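Chain and residue survey
Below are the chains, spelled out letter by letter.
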Amino acid sequence: MDSQTQQPQQEQAQVQQQVQVFIVEDDPMVSTICKNFIEKVNPYTVVGISGDETDALDKIRTLKPQLVLLDLHLNKGSGMNLLKTMRKENLNVDVLLMTASKDSATVCEAFRYGAVDYLIKPFDFDRLRQGLRSFLKFVDLTLENKDIEQDEIDQFQFTSESSSTGSLSSLPKGVHYMTLNQLNEYLEAQENALSCQQISHALSLSKITTWRYLEYLVERGKVEVSLEYGMIGRPTKLYRAVR
């Protein structure tokens, strides 16, 4: 039996029942690709698709899926409004965001309203698979009719087990995953090395906060530093992601 055959069986062993997913995405090609991909990850099944805020809410009320994959930008309505409405109505559904919105205010708002994960388009489907697997662990943990111990909560995370920036539970005090991930992704997209001041300005972070996160990434070997010498004064540190 090859590893590809073993993998779905292992995932299915985690949760015996089907995990029903509803996709809210107004691009038919994207929603079809997502549907086909999701249904290859056992035991997920897609029970519906909608690209309209009002229509999606009606169908989610009726179908009662366990997980909604939600795009924030819809031609008809707003994904964020839909998320807020679901929370206001206390619908028993978890939400995974998949959107091009990556400003910190939107990301923070999504998590405040209970999003379990946040994928920035265009995302790697391996990252989606990781999010789905992590959600399976959560479902598996909460299906058991028992108290949940602190160590079980500490072991649980919605990020990749092999995350390049470190797991939620392994980050030092004062280093937050979302900010770290935002900075890491920004650096990976840059061609040239940048100063702390340039990076802090681009991400609307304070210089001291940016410096602290940069030094953490340097310690982990994810960012490298070079020195730029001017005519006078101290050399400027330039940071770039390790390729």
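Reference entry: report on the structure contained in this document. (Residues numbered from 1 in each chain as written. Predicted model: local features only at pLDDT ≥ 70, side-chain atom pairs only at ≥ 80, totals over all residues. Heavy atoms only, no water.)

**Some words on the pattern of salt bridges**
Inclusion rule: Salt bridge, as applied in this entry: a Lys or Arg side-chain nitrogen positioned within 4 Å of an Asp or Glu carboxyl oxygen. By definition, any uninterrupted DSSP run of H or I lasting at least four residues is a helix, any uninterrupted run of E lasting at least two residues is a strand, and each is numbered from the N terminus. Only protein chains enter the accessibility calculation, which uses a 1.4 Å probe; a residue is then buried when its area is under 20% of its type maximum, exposed when over 50%, and partly exposed in between.
In this structure the tally under the stated criterion is 11 salt bridges. For lysine 121, the salt bridge identified is with glutamate 25, shortest N-O distance 2.6 Å. Within this pair, whereas lysine 121 is found in the loop between β5 (115-120) and α6 (125-143), its partner glutamate 25 is found in the loop between β1 (19-24) and α2 (28-38), the two being separated by 96 residues in sequence. In this structure lysine 121 comes out as partly exposed when scored by relative accessible area, which is 22%. Residue lysine 121 is joined to aspartate 71 by a salt bridge in which the shortest nitrogen-to-oxygen separation is 2.9 Å. Of this pair, lysine 121 sits in the loop between β5 and α6 while aspartate 71 sits in the loop between β3 (67-70) and α4 (79-88), and the two are 50 residues apart along the sequence. Connected through shared salt-bridge partners, Glu25, Asp71 and Lys121 make up one network.

**Considerations on the packing of aromatic side chains**
What counts, and what does not: When two rings of Phe, Tyr or Trp (its six-membered ring) have centres within 6.5 Å they constitute a pair, described as stacked for plane angles under 30 degrees, edge-to-face for angles over 60, and tilted for the intermediate range.
Per the stated rule, a full pass over the model turns up 3 aromatic pairs. With a centroid separation of 4.8 Å and 50° between ring planes, the pair formed by phenylalanine 37 and phenylalanine 125 is classed as tilted. In this pair, phenylalanine 37 is assigned in helix α2 and phenylalanine 125 in helix α6, connecting sequence segments 88 residues apart. The class of phenylalanine 37 is buried, set by a relative accessible area of 14%. In this structure phenylalanine 125 comes out as partly exposed when scored by relative accessible area, which is 28%. Through pairs of rings, three or more aromatic residues link up here, namely Phe37, Phe123 and Phe125.

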